[in-house]
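# Overview (structure and organization)
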Amino acid sequence: LRTISDIANAVRGRRLEMGLSQDDLATRAGVSRKWIYEFEAGKPGAELRIVLGVLDALGLELSLGPAQASPATPDAIDLDVLLDDYMRD
């Protein structure tokens with residue numbers, strides 16, 4: 001997960017998986033249904049403390065770790081290699 005939208009999508013997916021309405025989740029997490037609605041819609045300024053409460057209400061946890069590098073695309077061109085080859089010719 002790299003963005004708040006990623007977390008919001010995970011929350012929405014888990015909520016639906018559990019058969020909960022936005023109102024049900026709001027009650028469990030101690031927030032308003034409006035907050036859940038706005039968060040699931042990608043609310044950019046969501047307070048971390050509240051997000052963690054929502055995750056807890058869904059039985060989810062947030063883990064942190066080093067970001068993994070994106071795999072290079074197969075068609076990526078290394079200009080250094082091309083220049084080295086050109087200089088040798």
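Attention in this report is confined to the structure presented alongside it. None of these values were measured; they are calculated from a predicted model. (Residues numbered from 1 in each chain as written. Predicted model: local features only at pLDDT ≥ 70, side-chain atom pairs only at ≥ 80, totals over all residues. Heavy atoms only, no water.)

## Notes on the side chain of Q22
- Mapped onto the fold, Q22 is located in helix α2 (residues 22-29).
- Polar side-chain contacts of Q22 include one of 3.1 Å to the side chain of R33. (Helix = DSSP H or I, 4+ residues; strand = E, 2+ residues; numbered from the N terminus. Polar contact = N/O pair within 3.5 Å; in protein donor to acceptor, adjacent residues only side chain to side chain.)

## Some points on the packing of helix α3 (residues 33-40) against helix α4 (residues 48-57)
- At a minimum axis separation of 12 Å, α3 and α4 run at an interaxial angle of 95°. Classified by the angle their axes make, α3 and α4 are roughly perpendicular. Where α3 abuts α4, its residues W35, I36 and F39 lie against I50, V51 and V54.
- Residue composition of the contact of α3 with α4, by class: 6 nonpolar, no polar and no charged. (Axes fitted to C-alpha atoms, helices over the stretch in contact; angles between N-to-C directions. Parallel < 35°, antiparallel > 145°, perpendicular 65-115°, else oblique. Contact = heavy atoms within 4.5 Å. Nonpolar A, V, L, I, M, F, W, Y, C, P; charged D, E, K, R; others polar.)

## Looking at α4
- Taken together, the buried positions of α4 are I50, V51, V54, L55 and A57. For α4, the angular spread of buried residues about the axis comes to 160°, placing them on one side. Turned more than 90 degrees away from the buried face of α4 sit L48, R49 and D56, all of them exposed.
- Of the residues flanking the end of α4, it is G59, one or two places downstream, whose phi is positive at about 75°. (Buried < 20%, exposed > 50% of the residue type's maximum accessible area, 1.4 Å probe, protein only. Arc of directions from axis to C-beta.)

Purely spatial values, then, with no claim about function.
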